[in-house]
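Chain by chain, the residues run as shown.
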Amino acid sequence: MRIVLVGPPGAGKGTQATRLAETLHIPHISTGDLFRANISRQTELGKLAKSYMDAGNLVPDEVTIAMAKDRMEQPDAEGGFLLDGFPRNVSQAEALDELLETEDMKLDAVLDLEAPEDEVVKRIAGRRVCRNDSAHVFHVAYTPPKKEGVCDVCGGELYQRDDDSEETVRRRLEVYHTQTEPIIDYYKAQGLVVTIAATGPVAEVTRRALEALKRDQ
Ligand code: AP5
């Protein structure tokens, strides 16, 4: 399957993507995680991306599309993938369509995670991420690690992302409404969008997502 996950910051895209990718046996491709890996390796791309991410703005399309394309062309993505955080505006969606068309491939679904703004702000304020692997995500109140500050999965140190400050989160939400939400209409026109409520327990949201994807087949 080829799936795009869309939703505001803090909707639970990363949390759900990890679980869905495991169940569906497809790789989870997160452009945010790819940028953060570049930042921790201090690459040129990482240095460029950090300045945009810390301000809550989108990293320029040219570098983002090239990075996503490169990842989607890896052998493990041949049979399908779950995209998290890409595309994030209409020109990225058009670039993805072009890329898929060249490979004679199609998207199967765009899973839209809906969550109220006050909830996503609370989720982001309490989020803690593992330094070893940003797919290991916790929340101080909702999904706390067994030992404070320590990742349950690998024992790595948990930290708060630089772009999770209140001011940056407000900006990220604004960018989501103005630049990312229009891709929902773009994909609705292709009949690809399935919308689910991303509230309630994590496992319940996963169940809803799998059911919606099955119904869509
Ligand atoms: P990215 O890393 O993609 O961030 P985002 O889209 O803002 O989304 P988040 O990671 O904040 O939230 P999420 O929906 O994954 O929620 P999570 O599962 O962690 O992008 C960061 C930046 O990179 C962008 O601002 C931009 O600068 C740049 N970038 C990335 N892609 C780009 C692109 N394509 N083009 C240009 N720039 C790009 O959950 C949040 C918290 O809630 C966690 O603590 C979790 O434990 C908790 N939680 C999750 N589900 C539940 C639940 N059901 N109940 C209670 N708590 C829950």
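Placed above this text is the structure.
Remember, it's a predicted structure, so these values are computed and weren't measured experimentally. Each chain carries its own residue numbering, running from 1 in the direction its sequence is written. Local features in this predicted model are restricted to residues whose pLDDT is 70 or higher, and side-chain atom pairs enter the listing and the counts only when it is 80 or higher, whereas totals over whole chains, interfaces and linings include all residues. The side-chain quantities take in all heavy atoms of the structure and omit both hydrogens and water.

Student: Describe the site of the ligand, listing the residues and the values that go with them.
Tutor: As a structural note, the neighbourhood of the ligand is formed by 35 residues, with T15, N57, R88, R127 and R172 the closest of them. The separation between an oxygen atom of the ligand and a polar main-chain atom of K13 is 2.8 Å. Its free accessible area being 1000 Å², the ligand has 96% of it covered by the protein chains. In this description a helix means any DSSP run of H or I spanning at least four residues, a strand means any run of E spanning at least two, and both kinds are numbered starting from the N terminus. For the shell around the ligand, the elements supplying multiple residues, two or more each, are α1 (13-24), α2 (31-40) and β6 (137-139). Here the element with the most residues in the shell around the ligand is α2; it accounts for 4 residues. One heavy atom within 4 Å of a molecule or strand makes the whole residue count as near it. Pairs of N or O atoms are called polar contacts if they sit within 3.5 Å, as long as, within protein, a hydrogen donor faces a hydrogen acceptor (for residues adjacent in sequence, only side-chain-to-side-chain pairs). Residue exposure ignores everything except the shown protein chains as possible cover, and the areas themselves are Shrake-Rupley values with a 1.4 Å probe.

Student: Go over a negative patch on the surface with me, naming the residues and quoting the values.
Tutor: Each patch is built from residues that are more than 30% exposed by relative accessible area and take part in no salt bridge. Like charges join if they lie within 9 Å; nonpolar side chains (Val, Leu, Ile, Met, Phe, Trp, Tyr) join within 5 Å. One side-chain nitrogen of Lys or Arg within 4 Å of one carboxyl oxygen of Asp or Glu is enough to make a salt bridge. When charges are counted, neither His nor the chain ends are considered; positive counts come from Lys and Arg and negative counts from Asp and Glu. Charge placement uses NZ in Lys and CZ in Arg. For Asp and Glu, CG and CD serve respectively. Residues E94, E98, E101, E103 and D104 make up a contiguous surface patch of negative charge. By secondary structure assignment, the location of E94 is in helix α5 (residues 90-102). Think of it in three bands: residues with accessible area under 20% of the maximum for their type are buried, residues over 50% are exposed, and the middle band is partly exposed, with areas taken using a 1.4 Å probe on protein chains only. Given a relative accessible area of 40%, E94 falls into the partly exposed group.

Student: Would you mind going over α2 in detail, with residue names and values included?
Tutor: Listing the buried residues of α2 in full gives T31, G32, D33, F35, R36 and N38. Any two residues whose heavy atoms approach within 4.5 Å are treated as being in contact. The secondary structure elements touched by the buried residues of α2 are β2 (28-30), α3 (44-55), α4 (61-72), β3 (81-84) and β7 (158-159). Backbone geometry just downstream of α2 places Q42 in the positive-phi region, at approximately 55°.

Student: A description of the nonpolar core should follow, citing residues and the corresponding values.
Tutor: Side-chain atoms within 4.5 Å link the members of a nonpolar core, which is a set of buried Ala, Val, Leu, Ile, Met, Phe, Trp, Tyr and Cys residues. With 23 residues, the main nonpolar core has I3, L5, L82, L111, L113 and I196 as its most contacted residues. For this core, the elements supplying multiple residues, two or more each, are β1 (2-6), α1, β4 (109-114), α6 (117-125), α7 (166-180), β8 (193-197) and α9 (202-216). Ranked by residues supplied to this core, first place goes to α9 with 4 residues. Counting residues in each nonpolar core, the second largest holds 22 residues, with L99, V110, Y187 and V193 among its members.

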